[in-house]
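Inside the fold
If you want the building blocks of each chain, they are given just below.
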Amino acid sequence: MLEGKKGLGLSIVVPFFNEEKNLEELYGRLSSVLGGLNKDYEIIFVNDGSTDNTQVVLQDIFKKDERVKVIELRTNFGKTAAMAAGFDYTRGEIVVSMDGDLQDCPEDIPRFIEKIEEGYDLVSGWRMDRKEPFITRRLPSRVANWFLATLSGVNIHDFGSGLKAYRREIVRNLSLYGDHHRFIPALIRNMGVTVAEVQVKNEPRRHGQSKYGLSRIPKVFFDMITIKFLLSYSTRPLHILGPIGSFFGLCGLFLGARLAYLKIVYGEQLGTKVSLSICVLCIFLAVQIITSGLLAELLIRIYYESLGKKTYAVKHILDHRPS
Ligand code: UDP
Ligand code: MG
């Protein structure tokens, strides 16, 4: 984390990937909300390798407002890395992150600040009335939220909302990898923090497209898999090893169930059956591959943290008050 000037009240961090049409309105609404808060603030816009006019619009906004800072990343590193970049340059005692597509409403921010000032360490948005398709977005999100709350013990309804407020120490100690921006409330659980939830409005996207949901094309050659792994999965190896391990695990379970059926219903001798060996092999492989994935997850954390490596690369920074 980069050290900055002390005493700034509030930092807003917004990542953008091809959001040229949403920027001006977002900036305007954000400024009028923040202007009414009676706090010294900065707005950190992170351009995550946009290929449209996002950078040009950001430069124009930067020129007219000295509280705006623009971090332009070299290429598209993904929302998590873009947020990490923004967090690294914050100077505020309170940090607020939000999406740049106007699905999050700047007008909700004051209630987040109030909660932090009440003493909470993290305040997370809860999108009560989501304006997204049920089957492809809301249903999977509801299932994921239930699992996350159960697994992490953090009892909130909506882990994935972009709108969140953090006490400065939280973002300082937060290491973000892969697509982990969705799991921040769970990730910080072990820091012993207090988490509050605030109901927020959720607007439909009016301009541009959602950046999520596109499936990746699988690579077949070993070299290509290796390159893909290094470029895309080196910060999240379990995303590739997990499905492979699960595939073998399911094959093993299926074969095992079939063999148990043959044994119980028909009393067949299983000792000589080839499928018994295959079943055992599959389950063994599943355990091996998934544990390798978990080990790899540990290793990449050691790799990045020991070398102080970042998950993003900055091309250019526009800052009226460089520290
Ligand atoms: N975003 C980003 N880099 C990416 C993908 C998305 O900075 O690689 C930004 C995007 O511009 C938006 C926010 O992250 O400000 C949320 O993205 P999106 O609206 O596509 O996600 P969804 O709301 O569909 O989950
Ligand atoms: Mg969105």
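Up top is the structure.
This text gives an overview of the structure that appears in the document. (Residues numbered from 1 in each chain as written. Chains lettered and ligands numbered in written order. Predicted model: local features only at pLDDT ≥ 70, side-chain atom pairs only at ≥ 80, totals over all residues. Heavy atoms only, no water.)

**Examining the coordination of the magnesium ion (ligand 2)**
- Around the magnesium ion (ligand 2), the donor atoms from the protein are Asp101 (OD) and Gln103 (OE1), and they sit 1.9 to 2.0 Å away.
- Under the relative-accessibility criterion, Asp101 is labelled buried at 5%.
- We classify Gln103 as buried; its relative accessible area is 10%. (Donors = N, O, S within 2.8 Å, 3.2 Å for Na, K, Ca; no water. Buried < 20%, exposed > 50% of the residue type's maximum accessible area, 1.4 Å probe, protein only.)

**Looking at the pattern of salt bridges**
- Enumeration according to the criterion identifies 17 salt bridges in this entry.
- Note that Glu25 and Arg206 form a salt bridge whose closest N and O atoms lie 3.2 Å from each other. Separated by 181 residues along the polypeptide, Glu25 in helix α1 (residues 20-35) and Arg206 in the loop between β7 (195-200) and α8 (222-233) bring together distant segments of the chain.
- Owing to a relative accessible area of 53%, Arg206 belongs among the exposed residues under this scheme.
- We note a salt bridge from Lys69 to Asp319, for which the minimum N-O separation is 3.6 Å. Within this pair, whereas Lys69 is found in strand β3 (residues 68-73), its partner Asp319 is found in the segment after β8 (314-318), the two being separated by 250 residues in sequence.
- Among the residues examined, Lys69 registers a relative accessible area of 4% and is labelled buried. (Salt bridge = Lys/Arg side-chain N within 4 Å of Asp/Glu carboxyl O. Helix = DSSP H or I, 4+ residues; strand = E, 2+ residues; numbered from the N terminus.)

**Description of the sheet that holds β7**
- Here we have 8 strands laid out as an open sheet, ordered β7-β5-β6-β4-β1-β2-β3-β8, and mixed in their pairing. Each edge of the sheet is formed by a strand with only one pairing partner; in this case those strands are β7 and β8. For this sheet, the mean inter-axis angle between neighbouring strands, taken without regard to orientation, is 20°.
- Bridge analysis of strand β5 (residues 122-127) against β7 gives 6 bridges, and the strand direction is parallel. Note that in β7 the partner of Trp126 across the bridge is Gln199.
- Here helix α2 (residues 54-64) sits on the sheet in contact with β1 (8-16), β2 (41-47), β3 and β8, set at roughly 155° to β3. (Pairing = 2+ DSSP bridges. Axes fitted to C-alpha atoms, helices over the stretch in contact; angles between N-to-C directions. Contact = heavy atoms within 4.5 Å.)

**As for the pairing of strand β6 (residues 164-167)**
- Pairing of strand β4 (residues 92-97) with β6 involves 4 bridges; the strand directions are antiparallel. The partner of Ile94 across the bridge, within β6, is Arg167.
- Note that β5 and β6 share 3 bridges and pair antiparallel. Note on β6: the bridge partner recorded for Leu122 is Tyr166.

**Details of the packing of aromatic side chains**
- Throughout the structure, instances matching the rule amount to 4 aromatic pairs.
- Centre to centre, the rings of Phe247 and Phe248 are 5.5 Å apart; their planes meet at 70°, and the pair counts as edge-to-face.
- The exposure class assigned to Phe247 is exposed, which follows from its relative accessible area of 51%.
- Using a relative accessible area of 23% as the deciding quantity, one classes Phe248 as partly exposed.
- Where Tyr261 meets Tyr266, the ring centres are 6.0 Å apart and the plane angle is 80°; that geometry is what we call edge-to-face.
- Given the relative accessible area of 46%, Tyr261 is considered partly exposed. (Phe/Tyr/Trp six-rings, centres within 6.5 Å; stacked < 30°, edge-to-face > 60°.)

**What about the environment of Met83?**
- Topologically, Met83 is positioned in helix α3 (residues 79-88).
- Residues Met83 and Phe16 lie 67 residues apart in sequence; the distance between their C-alpha atoms is 9.6 Å.
- Aside from chain neighbours lying at most four places away, what touches Met83 is Val13, Pro15, Ser97, Tyr166, His181 and Ile184.

**Regarding the environment of Arg67**
- Note on placement: Arg67 falls in the loop between α2 and β3.
- Placed 25 residues apart in sequence, Arg67 and Glu42 show a C-alpha to C-alpha distance of 4.7 Å.
- Excluding its chain neighbours within four sequence positions, the residues that come into contact with Arg67 are Tyr41, Glu42, Ile43 and Arg321.

**Looking at α3**
- A large share of α3 lies buried, amounting to 10 of its 10 residues.
- Among all positions of α3, only Lys79, Thr80, Ala81, Ala82, Met83, Ala84, Ala85, Gly86, Phe87 and Asp88 are buried.

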